[in-house]
Amino acid sequence: MAGIDAALEAGYEKIKVNVVLMKNINDSNLASFINWIKLRPIQLRFIELMETDESDKIFRRHHVSGEKIRRRLLEQNWQQIPRCRSDGPAQVFKHPDYYGEIGLIMPYEQNFCQSCNRLRVSSIGHLHLCLFGERSIILRDLLVDASQSEALKARIRAELQLKRASHFLHQGDSGITSNLSIIGG
Ligand code: SF4
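Residues numbered from 1 in each chain as written. Predicted model: local features only at pLDDT ≥ 70, side-chain atom pairs only at ≥ 80, totals over all residues.

**Some words on the overall build of the protein**
Okay, step 1: Within the protein, the regular secondary structure consists of six helices and eight strands.
Okay, step 2: Reading the helices (α) and strands (β) of the protein from amino to carboxyl end gives α-β-α-β-α-α-β-β-β-β-β-β-α-α.
Okay, step 3: Considering only C-alpha atoms, the protein reaches an extent of 50 × 40 × 30 Å along its principal axes. (Helix = DSSP H or I, 4+ residues; strand = E, 2+ residues; numbered from the N terminus.)

**Describing helix H4 (residues 66-75)**
Okay, step 1: Buried within H4 are the following residues: Gly66, Ile69 and Leu73. All buried residues of H4 lie within an arc of 60° about the axis, which places them on one face of the element. Structural note: H4 exposes Arg71, Leu74 and Glu75 on the side pointing more than 90 degrees away from its buried face.
Okay, step 2: At its buried positions, H4 is contacted by helix H2 (30-36), strand E2 (42-47), strand E4 (91-94) and strand E5 (101-105).
Okay, step 3: Just beyond H4, the residue with positive phi is Asn77, at close to 70°. (Buried ≥ 20, exposed ≤ 12 C-beta atoms within 10 Å, placed from the backbone. Arc of directions from axis to C-beta. Contact = placed C-beta atoms within 7 Å.)

**Concerning the site of the ligand**
Okay, step 1: The environment of the ligand is made up of Pro89, Pro107, Cys113, Cys116, Arg118, Cys130, Leu131, Phe132, Ser166 and His167.
Okay, step 2: Residues of the shell around the ligand, tallied by class, amount to seven nonpolar, two polar and one charged. (Near = placed C-beta within 6 Å. Nonpolar A, V, L, I, M, F, W, Y, C, P; charged D, E, K, R; others polar.)

**Observations regarding the domain arrangement of the protein**
Okay, step 1: Here the domain parsing of the protein yields domain 1 (2-112) and domain 2 (118-183).
Okay, step 2: For domain 1 versus domain 2, the separation of C-alpha centres amounts to 27 Å.
Okay, step 3: Each side of the interface is counted separately: domain 1 has eight residues, and domain 2 has nine residues.
Okay, step 4: Partitioning the side of domain 1 that touches domain 2 into residue classes produces three nonpolar, two polar and three charged. (Domains from an automatic or database assignment.)

**Some remarks on the sheet that holds E4**
Okay, step 1: Strand order across the open sheet formed by five strands is E1-E2-E5-E4-E3, with mixed pairing between neighbours. Two strands close off the open sheet at either side, each with one partner strand: strand E1 (15-19) and strand E3 (79-81). Across this sheet, the average inter-strand angle for adjacent strands is 30°, counted without regard to direction.
Okay, step 2: The sheet contact formed by E3 and E4 spans three bridges and is antiparallel. In the strand pairing of E4, Gln79 is matched with Lys94. (Pairing = 2+ DSSP bridges. Axes fitted to C-alpha atoms, helices over the stretch in contact; angles between N-to-C directions.)

**Looking at the pairing of E4**
Okay, step 1: Alternating residues of E4 divide into Gln91 and Phe93, all buried, and Val92 and Lys94, none buried.
Okay, step 2: Inspection of the sheet shows E4 paired to E5 by three bridges, in the antiparallel sense. Bridged to Gln91 within E5 is Leu104.
Okay, step 3: Connecting the antiparallel pair E4 and E5 is a turn made up of six residues.

**Focus on the pairing of E5**
For a regular strand, side chains alternate in direction, first toward one face of the sheet and then toward the other.
Okay, step 1: Most of E5 is tucked away, with four of its five residues classed as buried.
Okay, step 2: In this structure, E2 lies alongside E5, joined through five bridges in parallel fashion. From the neighbouring strand, Leu44 faces E5, where its bridge partner is Ile102.

**Remarks on unusual backbone geometry**
Okay, step 1: Although it is not a glycine, Asn24 sits at a positive phi angle of roughly 65°.
Okay, step 2: With 9 C-beta atoms counted inside 10 Å, the residue Asn24 sits in the exposed group.
Okay, step 3: The phi torsion at Asn77 lies on the positive side, around 70°, for a residue other than glycine.
Okay, step 4: Mapped onto the elements of the fold, Asn77 is located in the loop between H4 and E3.

**Structural notes on the sheet that holds strand E7 (residues 126-128)**
Okay, step 1: A sheet is described by the order of its strands in space; here three strands give the open sequence E6-E7-E8, paired in antiparallel fashion. The open sheet is flanked by strand E6 (120-121) and strand E8 (137-138), the only strands paired with a single partner.

Set out below in structure tokens:
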């Protein structure tokens, strides 16, 4: 927390803090989280807990719907604003009495993936077309040498044609992502 305040003092203008609200763990602290950004120009992003192969029990026990948070914000006069490019899939809310803003990332909402512009490359050089994709594509052989950049682009372009339109989390299918830490999520 002190580090975040130090970043603000140092003049960083766009600071985002991610929170996963979990039932019976920190969901009762929602008001304190929101109060924390009253005087801090921070984008506080509530990311809905997502189910993966290894987290099904945690998901069932602790999942809090982003819709519940959105209803609470609207009741308290937070207004949804058009999102900027850097907001990614977050729905962004502002309030005249707060310096900070709130982002909601609600992957279970219909059309969540419609504006997806995400690709990930893992630490071992594999391209993941989706956080919850069913396979990864090896790029490592083309990443080791800059003279192969055209071949690298061609491989990425070809694979992009196969990117699925959305995840399949509603069907309990999290692809090859057994837990989000393996993909930096
Ligand atoms: S398609 Fe995959 S990476 Fe893109 S927003 Fe949906 S879940 Fe995320």
